[in-house]
Amino acid sequence: MRARLVLLVLAAVLAGLAAPAAAARTSLRAADPSVIRVGATYIGVQSTGAGIAVRQGSSPEAVATAPARTVWSDTRNLGEVWAPEIVLDGGRYYIHFSAGRAAAHRMYVISSASAATGYGAETQVALPDDKWAIDGSMFVFNGQRWFVWSGWAGDTNLEQNIYLAKMSSPYAATGPRYVVSQPRESWERVVGNPFINEAPEPIRDPDGRLHIVYSANGSWSDQYCLADLRLRAGGDPTYVWDWYKSNGCLFGSNRATMMPGWDPTLSVDGPGHHTFVLLNGDIATSPPAGPRFPFAYHAVAKGTPYTWENRYWYTGTFVWWGTTTYARANVPGPATDTGFSLKFFE
């Protein structure tokens, strides 16, 4: 009898280990999360369609159920308000966001000494060439403030590229813009018209190398996924061939587009437009190798029609994955680069 009981308990344990855990969906039906940690408080921002709201909680999950406080409204009728990003820089909070209609989308910024109050009127970010721009994120790397965003090369919507520029302040770039990624790989051209690289999020790996994790394929499809750009050791962030791209999606729901050795999601479809939950939003606080750290993303639950209206914020974890080779062909520079990549968990 005792042996049978032990076997039953063991079977139950093994069954529990084999059962996939459900993704941690928050109660917030929304897209494009941006969450940072300041002390013990987690601060998130979201678009309300015609404005921006801030939420504060004791965990990334708690942010979603915390009261939303509107900190900015589109009083000038700029248009669609997308993807606000919050960061603490020099003792002030900055929220960068895009607003506009059709080809008029540009990046704007508001700032305050307090996370959830005191923001003034918006200022358009002075970016090189003044082209369509969305999903901008400000960060500091090697003592230089940078801005990374998704935009068009010209004035028509042919494809969305990832651009990088140095910043003289949170309000203005200095010098030209540099393209660091274009959607030219087969796995990021499954869904297009236009083909898309967007939602770039910078992070520094345990070797001190810069990564830009971005979303590929159309956000209107379950092919939406996260991929990685890794700067070679000692590389120049403004030189496109110093960047190496992952050979497939690192976080996605379709096995055919995943990088070899990476598995698709079990509980969600089309995960993308994520945020690394960093202290003050500063990539200098990026996590070390070993432990898992939180991130948030939006996705649609499996079994649910894939529509923008069905997107929710989810929280998960990620870990640095060492000794990973990214390969490329028919471009300048070495064909391979080895270093840290990332693994994401629902």
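All of these numbers come straight from a predicted model, not from anything done at the bench.

Undergrad: Just give me the short version of the packing of aromatic side chains, but keep the residues and values in it.
TA: Counted under the stated rule, the structure contains 18 aromatic pairs. Every member of this aromatic cluster is reached through a ring pair, and the members are Phe251, Phe276, Phe295, Tyr297, Tyr314, Phe318, Trp320, Phe340 and Phe344.

Undergrad: Tell me about the state of the cysteines, and please be specific about residues and values.
TA: All chains considered together, the criterion is met by one disulfide. Here Cys225 connects covalently by a disulfide to Cys249, the sulfurs 2.2 Å from one another. With the S-S dihedral at roughly -55°, the linkage between Cys225 and Cys249 falls on the left-handed side. Taken together, the positions of Cys225 in strand E16 (residues 225-231) and Cys249 in the loop between strand E17 (243-245) and strand E18 (268-276) put the pair 24 residues apart, joining distant regions of the chain. A relative accessible area of 1% means that Cys225 is categorised as buried.

Undergrad: Could you give an account of the pairing of strand E19 (residues 293-301), with specific residues and numbers?
TA: Counting buried positions over the nine residues of E19 gives seven, a clear majority of the element. Bridge analysis of E18 against E19 gives five bridges, and the strand direction is antiparallel. Pairing of Thr275 across the sheet is with Ala296, part of E19. The pairing of E19 with strand E20 (residues 312-327) spans seven bridges and is classified as antiparallel.

Undergrad: Account for the nonpolar core, with residues named and values stated.
TA: Counting 44 residues, the largest nonpolar core has Phe276 and Phe344 as its most contacted members. Setting aside residues up to four positions removed in sequence, Phe344 forms contacts with Val213, Leu226, Leu250, Phe251, Phe276, Phe295, Thr317 and Phe318.

Thresholds, definitions, all that
- Within every chain, residues take consecutive numbers counted from 1 along the sequence as written.
- Totals for whole chains, interfaces and linings use all residues, but because this is a predicted model, local features are given only for residues with pLDDT of at least 70 and pairs of side-chain atoms are given and counted only at 80 or more.
- Derived side-chain values reflect all non-hydrogen atoms in the structure, with water molecules and hydrogen atoms excluded from consideration.
- The criterion for an aromatic pair is that two Phe, Tyr or Trp rings (for Trp, the six-membered ring) have centres within 6.5 Å, with stacked assigned to planes under 30 degrees apart, edge-to-face to planes over 60 apart and tilted to the rest.
- Disulfide: a pair of cysteine sulfur atoms within 2.5 Å of each other.
- In this description a helix means any DSSP run of H or I spanning at least four residues, a strand means any run of E spanning at least two, and both kinds are numbered starting from the N terminus.
- Any residue under 20% of the maximum accessible area for its type is buried, any over 50% is exposed, and the rest in between are partly exposed; the area is computed with a 1.4 Å probe on protein chains only.
- Criterion used throughout: strands pair if DSSP finds at least two bridges between them.
- Residue types Ala, Val, Leu, Ile, Met, Phe, Trp, Tyr and Cys, when buried and joined through side-chain atoms within 4.5 Å, form a set referred to as a nonpolar core.
- Any two residues having at least one pair of non-hydrogen atoms within 4.5 Å are treated as being in contact.

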